[in-house]
Amino acid sequence: MKLKTGYKRTEVGIIPEDWDVRTLRQISPKQCVGLVINPSSYFVDDGSVPMLVGSNIKENRIAWESAKRISYASNRLLSSSQLATGDLVTVRVGDPGITAVVPPELNGCNCASVMIVRQHKSFDSDWLCYVMNSRVGLEQVEHVQYGTAQKQFNISDAVSFIYPVPLLAEQEAIAKALS
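Let me sum up the structure you'll find in this document. (Residues numbered from 1 in each chain as written. Predicted model: local features only at pLDDT ≥ 70, side-chain atom pairs only at ≥ 80, totals over all residues. Heavy atoms only, no water.)

With four bridges connecting them, strand 1 (residues 7-10) and strand 2 (residues 13-16) associate as antiparallel partners. Residue pairing across strands places Tyr 7 opposite Pro 16, the latter belonging to strand 2. Counting the residues that bridge the hairpin from strand 1 to strand 2 gives two residues. (Pairing = 2+ DSSP bridges. Helix = DSSP H or I, 4+ residues; strand = E, 2+ residues; numbered from the N terminus.)

What follows is the structure, encoded as structure tokens:
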């Protein structure tokens, strides 16, 4: 089948010629996992810092109002799992692959057992969120997930997921159009 002028066939389907196909590791310079021990030992009734878990992450949004809370002191101790505005959080256990962008009101909050894709000037966070939640993104999670009672996946697989990548200005335009 002949392709329309200006398009090319890739591992992720037919995309514009000026787009690339890159792994998550190539798109974002840093990915990690939130707190991996049971976070309940940090929860406090009078805590003021939300501790996000997979059940707080919905497609393209975070339901943080229901999140358990930790103290400021605990949050400082757990600096490697603190989130910043523009970071992406992805469910690892339960409904694997569902992704949302950390909004400004959650800057500095914390998370447990979710994949964190650290925001970077090389990509638009909202665009990457939409791509990760797309059929192309979620099918890759389905191919590597495991578990019977609760589906899950490993970050070591996720960094190799591939996505179609336009230039940054086009990423921003796409994210704006989809918002």
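Now for the side chain of Ser 125. Residue placement: Ser 125 occurs in helix 3 (residues 125-132). Given the relative accessible area of 8%, Ser 125 is considered buried. Setting aside residues no more than four positions away along its own chain, Ser 125 makes contact with Gly 86, Leu 88, Val 101 and Gln 119. (Buried < 20%, exposed > 50% of the residue type's maximum accessible area, 1.4 Å probe, protein only. Contact = heavy atoms within 4.5 Å.)

Quick look at the pattern of salt bridges now. Counting across every chain of the model gives three salt bridges. Across the salt bridge formed by Asp 20 and Arg 22, the nearest N and O atoms sit 3.0 Å from each other. For Asp 20, a relative accessible area of 35% corresponds to the partly exposed category. Overall, Arg 22 belongs to the partly exposed group, its relative accessible area being 29%. Between Arg 135 and Glu 139 there is a salt bridge, and its shortest N-O distance comes to 3.4 Å. Here Glu 139 and Arg 135 lie together in helix 4 (residues 135-144), a separation of four residues that amounts to about one turn. Arg 135 sits in the exposed class, given a relative accessible area of 58%. (Salt bridge = Lys/Arg side-chain N within 4 Å of Asp/Glu carboxyl O.)

Right, let's talk about helix 4 for a bit. Turning to helix 4, its buried residues number three or more, namely Val 136, Gly 137, Leu 138, Gln 140 and Val 141. Contact partners of the buried residues in helix 4: helix 3 and strand 13 (162-165).

Moving on, we come to helix 3. Most of helix 3 sits out of view: six of its eight residues are buried. Ser 125, Trp 127, Leu 128, Cys 129, Val 131 and Met 132 are the residues of helix 3 that are buried. In this structure Asp 124 caps helix 3, since a side-chain oxygen of it lies 3.1 Å from the backbone nitrogen of Asp 126. (Polar contact = N/O pair within 3.5 Å; in protein donor to acceptor, adjacent residues only side chain to side chain.)

Each regular strand shows side chains that alternate between the opposite faces of the sheet. Neither face of strand 5 (residues 49-52) is left uncovered, since the one carrying Val 49 and Met 51 and the one carrying Pro 50 and Leu 52 both have all their residues buried. The pairing of strand 5 with strand 8 (residues 68-70) spans three bridges and is classified as antiparallel. Looking across to strand 8, one finds that Pro 50 is bridged to Arg 69. Relative to strand 11 (residues 110-111), strand 5 runs parallel, the two sharing two bridges.

What follows covers the environment of Ile 37. Among the structural elements, Ile 37 can be located in the loop between strand 4 (31-33) and strand 5. Residues Ile 37 and Leu 88, spaced 51 residues apart in sequence, show a C-alpha to C-alpha distance of 20 Å.

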